[in-house]
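Each chain, letter by letter, is given below.
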Amino acid sequence: ACAMKTKTVLVTALAMALTFGGPAAADRPQDRQITVTGEARVEVAPDLAVITLGVSKEAREASAAMALVSEDVAAVVAELRASGIAARDLQTQQISLQPVWSKSGSYDSPTERKITGFAASNTLMLRVRDLDQLAAVLDRVLGAGVNQFQGLRFDVQDHVGLQDNLRAKAVADAIHKAGRLAEAA
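Residues numbered from 1 in each chain as written. Predicted model: local features only at pLDDT ≥ 70, side-chain atom pairs only at ≥ 80, totals over all residues. Heavy atoms only, no water.

K.L.:
Help me understand the overall build of the protein, please; the structure alone is not making it clear to me.
P.N.:
Within the protein, the secondary structure is distributed over four helices and four strands. The order of α-helices and β-strands along the protein, N terminus first, is α-β-α-β-β-α-β-α. Counting over 185 residues, the protein shows a buried share of 22%. At a minimum sequence separation of 6, the contacts of the protein that also span at least 24 residues come to 76%. (Helix = DSSP H or I, 4+ residues; strand = E, 2+ residues; numbered from the N terminus. Buried < 20%, exposed > 50% of the residue type's maximum accessible area, 1.4 Å probe, protein only. Contact = heavy atoms within 4.5 Å.)

K.L.:
Even after reading the chapter, I still don't get the sheet that holds strand β4 (residues 148–155), so can you show me in this structure?
P.N.:
One key point about sheets: their strands pair by backbone hydrogen bonds, in either a parallel or an antiparallel sense. One open sheet accounts for four strands, arranged β2-β3-β1-β4; its pairing is antiparallel. Each end of this open sheet is capped by a strand with a single partner; those strands are β2 (90–101) and β4. Across this sheet, the average inter-strand angle for adjacent strands is 15°, counted without regard to direction. Sheet topology note: the strand β1 (residues 48–59)/β4 ladder contains seven bridges and is antiparallel. For V50, the partnering residue across the bridge sits in β4 and is R153. (Pairing = 2+ DSSP bridges. Axes fitted to C-alpha atoms, helices over the stretch in contact; angles between N-to-C directions.)

K.L.:
What is the right way to look at the confidence of the model for the protein in this model?
P.N.:
Low pLDDT marks stretches whose predicted atomic positions should not be read closely. On average, residues of the protein carry a pLDDT of 84, and 81% of them reach 70 or more. The lowest-confidence element of the protein is helix α1 (residues 2–27), averaging 46 in pLDDT; the highest-confidence one is β1, averaging 96. Contacts from residues 1–19, a stretch scored under 50 in pLDDT, to residues over four places away or in other chains number one contact. (pLDDT = per-residue confidence, 0-100.)

K.L.:
Looking at this model, I keep getting lost on helix α3 (residues 134–144). Mind explaining?
P.N.:
Because an α-helix completes one turn every 3.6 residues, residues spaced three or four positions apart along the sequence face the same direction. For α3, the complete set of buried residues consists of L134, V137, L138, V141 and A144. Across the axial projection of α3, the buried residues extend over an arc of 130°, all falling on one side. Turned more than 90 degrees away from the buried face of α3 sit A135, D139 and G143, all of them exposed. Packing partners of the buried residues in α3 comprise β1, α2 (62–82), β3 (115–128) and β4. Backbone geometry just after α3 places G145 at a positive phi near 130°. (Arc of directions from axis to C-beta.)

K.L.:
Any chance you could explain the pairing of β3 here in plain terms?
P.N.:
For a regular strand, side chains alternate in direction, first toward one face of the sheet and then toward the other. Most of β3 is tucked away, with ten of its 14 residues classed as buried. Note: β1 against β3, eleven bridges, orientation antiparallel. Residue pairing for β3: K57 is matched across the bridge by A120. As paired strands, β2 and β3 are joined by eleven bridges and run antiparallel to one another. Across the sheet, T92 pairs through a bridge with L124, a residue of β3.

K.L.:
Explain the nonpolar core to me, please; I cannot follow it from the model alone.
P.N.:
Looking at soluble globular proteins, one finds that nonpolar side chains tend to be buried together. Membership of the largest hydrophobic core comes to 22 residues, with the highest contact counts inside it found for I51, L53, V76, L80, L126 and V128. Secondary-structure elements contributing two or more residues to this core are β1, α2, β3 and α3. (Core = buried A, V, L, I, M, F, W, Y, C linked by side-chain atoms within 4.5 Å.)

K.L.:
Explanation requested: the environment of I51 in the structure shown.
P.N.:
Inspection of the secondary structure puts I51 in strand β1. Exposure remark for I51: the relative accessible area of 0% places this residue in the buried category. With 103 residues separating them in the primary sequence, I51 and F154 have C-alpha atoms 8.8 Å apart. Those residues in contact with I51, other than ones at most four positions away along the chain, are L124, M125, L126, V128, L134, L138, F149, G151 and L152.

Have a look at this one:
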């Protein structure tokens, strides 16, 4: 019986607080606020190149196409390692094997298209941390068998440091704006 009374008293107290608390809160003056945001921009020179490249080969048999690609990719990786690219800066992006269809016939003609071979490919992503070596690295891998170049982009190595720097500048900008608003008030 005591537990039931406690629940009833709590429910009654809560109902009274909700009923009588509204007008009291409305009588208080509203707090006034101005929200200030800060911005920061910085331009940095890149210190890293990210390259996506690969090897593609065709052969009559799927296993032969994959073997040719594997052989060339091994040579490319050896050249990259010899160029000073660390293992942590090499990553396989995609390996694919597709049938190669005969050219004769079409979807509308009665002649049936046939698989005449297989195309295999292996795509690598690599990071070049010494931009002075970028041209030499590209020359070496092209000589080792790369026949697909899918892109190069520049980046920075220290994203965390850059973001910390930008945040500090944005906070300083917000503090400056708040100070100017306070002076004007």
